[in-house]
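Fold and contact review
Now for the letters of each chain:
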Amino acid sequence: MSIKSIFYGVASCRRGVKPLFEPAHALKTLLLLYEKEPIGRNLLSKMLGIGVASTRTLIKRLKEYDLIFVDNVGGCLLTEKGRNIVTKIRGVVRKIENISMVIAEEFMLGSHSWVAVIEDGVELAKKYGIIAIRDKLISYGAKAALIIFVEDSAYIPPDKSLNESRYHTLRFLKEFLSLRYGDASIISFADDTLTAEKALLNTIIDIFLDIPI
């Protein structure tokens, strides 16, 4: 079983009913708990941007996969299995964060932007295809996408002339995100922060988390 298949299992249709949450919400839940557990159901609902009833169903399904447990007083916490899975995810996706307030206007393709830094992600991203990654982000609701590779310098693939020497923003992002040789950064843009983040997380699951647990 892969990490990707777990998230798709959590968000799967059951008895012909599609839940009002996506694999991205399952991933975000684990990441939130890893950083801030315990979290109560009502607060988790607000953080995820979904209803309380949907959050209750999401929690139930994550419990079915033995990823979280619920303390009647404290709220939701990760199980050992859940914590191990987040550790594996963090070994692939080094950072996921909102960069709406720091990205320069010349690269601001939407009101809100979220970035994921993929450890040694250049080769896998090349194999999957730059256009395919952008199309994937758009299909999940992003308004636009920006991909940055770091090899000899930070650049926008596939054109290595679109590099940090030409665009100081690329040099800033390389330093701000602590990008290293071989890293890929995937940036999702949308008109609201939840959509930008959700599109990014769904894309990351599809492309980079098809790895065994």
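Check the entry above for the structure.
Fair warning: this is a prediction, and the values are worked out from it, not measured in the lab.

Procedures and definitions
Residues numbered from 1 in each chain as written. Predicted model: local features only at pLDDT ≥ 70, side-chain atom pairs only at ≥ 80, totals over all residues. Heavy atoms only, no water. Salt bridge = Lys/Arg side-chain N within 4 Å of Asp/Glu carboxyl O. Helix = DSSP H or I, 4+ residues; strand = E, 2+ residues; numbered from the N terminus. Buried < 20%, exposed > 50% of the residue type's maximum accessible area, 1.4 Å probe, protein only.

Digging into the pattern of salt bridges
Evaluation of the coordinates by the stated rule reveals 13 salt bridges. Across the pair Glu22 and Lys198 runs a salt bridge, and its minimum N-O distance is 3.2 Å. Separated by 176 residues along the polypeptide, Glu22 in the loop between helix H1 (3-10) and helix H2 (23-36) and Lys198 in helix H9 (residues 193-208) bring together distant segments of the chain. On the basis of relative accessibility, which here comes to 25%, the residue Glu22 falls in the partly exposed class. Under the relative-accessibility criterion, Lys198 is labelled partly exposed at 23%. A salt bridge links Glu37 to Arg83, with the nearest nitrogen and oxygen atoms 2.3 Å apart. In this pair, Glu37 sits in the loop between H2 and helix H3 (41-48) while Arg83 sits in helix H5 (residues 80-92), placing the two residues 46 residues apart along the sequence. A relative accessible area of 26% means that Glu37 is categorised as partly exposed. Several salt bridges share partner residues, and in doing so they unite Arg94, Glu119, Arg180 and Asp183 into one network.

By themselves, these observations are geometric and do not establish any function.
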